[in-house]
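Secondary and tertiary structure notes
The residues making up each chain are set out below.
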Amino acid sequence: MPPFPSGEISLAPCAQCAPTRSPPADTAIASAAATDITRHFIRAKRPCADGYRWYLRRQEGASNYQALLDDLVREGRVDDACWMLDQFGPTNDVLEVDHLETDALVFAGNVHCRGSADVDGVLRTGRSLRVQGGLRVGGALRVGEDLRVAGAVRCDGSARIHGDARVGWSLAVAQRLQCMGSLRVGGELDGGATVQIDGHCTVGQDLRAMGALDCNGGIKAGGHLHCDAEVQATRGLQVAGDLDCKGHLQVGWGVRAGGHIHAGGAIRAGESLWAGETIAAGEAYGVYAGLDVRLPDWPHSAQVCAREQPARLLSGCWTEGLGSTP
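Everything numeric here is computed off the predicted structure, so don't read it as measured data. (Residues numbered from 1 in each chain as written. Predicted model: local features only at pLDDT ≥ 70, side-chain atom pairs only at ≥ 80, totals over all residues. Heavy atoms only, no water.)

1. What about the overall build of the protein chain?
Inclusion rule: For helices the rule is a DSSP run of H or I covering at least 4 residues; for strands it is a run of E covering at least 2, with both sets numbered from the N terminus onward. Burial classes follow relative accessibility: with a 1.4 Å probe on protein chains only, a residue under 20% of its type's maximum area counts as buried, one over 50% as exposed, and anything between as partly exposed. Contact criterion: two residues are considered in contact whenever any of their non-hydrogen atoms come within 4.5 Å of each other. Reported accessibility uses the Shrake-Rupley method at a 1.4 Å probe radius. Residues are deemed covered only where the shown protein chains occlude them.
Looking only at helices and strands, the protein chain has six helices and 38 strands in total. Sorting the 326 residues of the protein chain into buried and exposed places 49% on the buried side. Looking at the protein chain alone, contacts between residues at least 24 apart form 21% of all its contacts between residues at least 6 apart. Carbon and sulfur atoms make up 47% of the accessible area of the protein chain, which totals about 14500 Å².

Structure follows, in structure tokens:
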């Protein structure tokens, strides 16, 4: 990630980009949350005793929703702020800043940062997060809708994005990465634990995961793919370099690698397996291709192609000498 710009960086927005408070669109609860929250409203959500006492001390009358979140974060009660956001939901408010540097931020609406963002602890938004520079988060990253970052992203905790994620440079997450939409990364993707993607995953360079890699769409990497556990893709999997998986490799459609395809467990593909080098499953495990192919389509949709025939090829139509070109 490029270095963050020097000079004073503040959470306070400039005069031209003050937060916009748009009315929320959905339920009566969201409408109440965006305006005032009374002690009866809080009590109905059954908060913890300590949090409720804090509210009674600090907010005797009605209080603005976002102001409550800000007060909680300011006093180090980030978990309580996240709880409140879980209870009352997002708003359509927009916070626009030139640069962002703070200990933690819990904002119920959309956050748009025109420069780089550096948050030491938790960064959570009720809706989208857009950063036109680089993004560093020292704690957990939680985005209620889409994430858009033009530069690189480094998260020292876990990351959960409830929409699509687009990162212009690299993405590094020290703990679990969960994206409930599609994920596109221009550079490298490093997952420190489990990587779970509900849509498609497209990575411009290498893709690495210390835990399991689970994708409900297809996976495409412009470099190598290395996973220290199992890899599962509901659709196809394509890598320009080597594919190394220390667990099982299971793909609903076909698998293609410019280098080798090696797994510590079984290799299962619904359609064809293509490798520029070798294909090898783990010791005492088999290689299976064409598991979802009709028998009349077997010769062209269940092909297994590599420099040499894989050991323990238990399913598939071996096509000698074609290499990785169908």
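2. Details of the sheet that holds strand β17 (residues 177-179)
What counts here: A pair of strands is considered paired only if DSSP assigns at least 2 bridges between the two.
On the basis of which strands lie adjacent, the open sheet formed by twelve strands has the order β5-β8-β11-β14-β17-β20-β23-β26-β29-β32-β35-β37 and parallel pairing. Where the open sheet ends on each side, the last strands, each with one partner, are β5 (105-107) and β37 (313-315). Summarising the sheet, strand β32 (residues 267-269) and strand β35 (residues 287-288) pair through two bridges and their orientation is parallel. Paired with Arg 268 across the two strands is Tyr 288, which belongs to β35.

3. Looking at the nonpolar core
Inclusion rule: The term nonpolar core refers to a set of buried residues drawn from Ala, Val, Leu, Ile, Met, Phe, Trp, Tyr and Cys, joined through side-chain atoms within 4.5 Å.
Membership of the largest hydrophobic core comes to 66 residues, with the highest contact counts inside it found for Leu 183, Leu 249, Ile 261 and Leu 273. In terms of nonpolar packing, the next biggest core, distinct from the first, is built from 16 residues, Leu 68, Ala 81, Val 122 and Ala 140 among them.

4. Concerning unusual backbone geometry
Unlike most non-glycine residues, Ala 284 shows phi in positive territory, near 70°. With respect to the helices and strands, the residue Ala 284 is situated in the loop between β34 (279-280) and β35. A relative accessible area of 70% places Ala 284 in the exposed class. Despite not being glycine, Arg 312 has its phi angle at roughly 55°, a positive value.

5. Brief notes about the pairing of strand β3 (residues 94-97)
Side-chain alternation along β3 places Leu 95 and Val 97 on a buried face and Val 94 and Glu 96 on a face that remains uncovered. In this structure, β3 lies alongside strand β6 (residues 110-113), joined through four bridges in parallel fashion. Bridging from a neighbouring strand, Glu 96 pairs with His 112 of β6.

6. Notes on the packing of aromatic side chains
Applicable threshold: Under the pairing criterion, centres of Phe, Tyr and Trp rings, with the six-membered ring standing for Trp, must be within 6.5 Å; the plane angle then separates stacked pairs below 30 degrees from edge-to-face pairs above 60, leaving the rest tilted.
Considering all chains together, one arrives at one aromatic pair under this definition. Consider the rings of Tyr 65 and Phe 88, whose centres lie 6.0 Å apart with planes at 75°: the pair is edge-to-face. Placement of the pair is Tyr 65 in helix α4 (residues 65-74) and Phe 88 in helix α5 (residues 78-88), with a sequence separation of 23 residues.

7. Brief notes about the packing of α4 against α5
Note the cut-off: Lines fitted to C-alpha atoms define the axes here, with helix axes fitted over just the stretch in contact, and angles between the N-to-C directions of these axes take values from 0 to 180 degrees. Note on terminology: angles under 35 degrees are roughly parallel, angles over 145 are roughly antiparallel, angles of 65 to 115 are roughly perpendicular, and the others are oblique. The hand of a helix crossing depends on one turn: near helix anticlockwise from the far one by less than a right angle means left-handed, and clockwise means right-handed. Note that Gly is not counted as nonpolar here; it falls among the polar residues with everything else outside the nonpolar set of Ala, Val, Leu, Ile, Met, Phe, Trp, Tyr, Cys and Pro and the charged set of Asp, Glu, Lys and Arg.
One way to put it is that α4 packs onto α5 with a least axis distance of 7 Å and a crossing angle of 155°. For the element pair α4 / α5, the angle class is roughly antiparallel. Considering only the axes of α4 and α5, their crossing is left-handed. Contact residues: Tyr 65, Leu 68, Leu 69, Leu 72 and Val 73 in α4; Val 78, Asp 80, Ala 81, Met 84, Leu 85 and Phe 88 in α5. Each residue belonging to the contact of α4 with α5 can be placed in one class, and the counts come to ten nonpolar, no polar and one charged.

8. Brief notes about the environment of Asp 242
Here is the rule: Here a polar contact means two N or O atoms within 3.5 Å. Within protein one must be a hydrogen donor candidate and the other an acceptor candidate, and residues neighboring in sequence count only if both atoms are side-chain atoms.
With respect to the helices, strands and loops of the structure, Asp 242 is situated in the loop between β27 (237-239) and β28 (243-245). Each C-alpha atom of the pair Asp 242 and Glu 277 lies 8.6 Å from the other, and the pair is 35 residues apart in sequence. Among all residues touching Asp 242, those that are not within four sequence positions of it are His 224, Leu 225, Gly 259 and His 260. A polar contact is formed between the side chain of Asp 242 and the backbone nitrogen of His 260, at a distance of 3.0 Å.

9. Notes on the environment of Cys 305
Mapped onto the elements, Cys 305 comes out in strand β36 (residues 303-305). When the C-alpha positions of Cys 305 and Cys 317 are compared, they lie 8.6 Å apart, and in sequence the two are twelve residues distant.

10. Some points on α5
Put simply, the test is: By definition, the arc is the one covered by directions from the helix axis to the C-beta atoms.
Buried within α5 we find Val 78, Ala 81, Cys 82, Met 84, Leu 85 and Phe 88. Buried residues in α5, looked at end-on, bunch into an arc of 160°, giving them a common side. Residue Gly 89 follows α5 closely and has a positive phi angle near 80°.

11. Considerations on the side chain of Arg 127
With respect to the element layout, Arg 127 can be found in the loop between β8 (123-125) and β9 (129-131). The exposure class of Arg 127 is buried, given its relative accessible area of 13%. A distance of 2.9 Å separates polar atoms of two side chains, one belonging to Arg 127 and the other to Asn 92. Of note is the side chain of Arg 127, whose polar atom sits 2.7 Å from the side chain of Glu 145.

12. What about the state of the cysteines?
Applied cut-off: In this description, the term disulfide denotes a pair of cysteine sulfurs within 2.5 Å.
Enumeration over the complete set of coordinates arrives at zero disulfides. Left without a disulfide partner, Cys 201 is nearest to the cysteine sulfur of Cys 215, which lies 5.7 Å away. Owing to a relative accessible area of 1%, Cys 201 belongs among the buried residues under this scheme. With no disulfide of its own, Cys 317 has Cys 305 as its nearest cysteine by sulfur position, at a separation of 8.4 Å.

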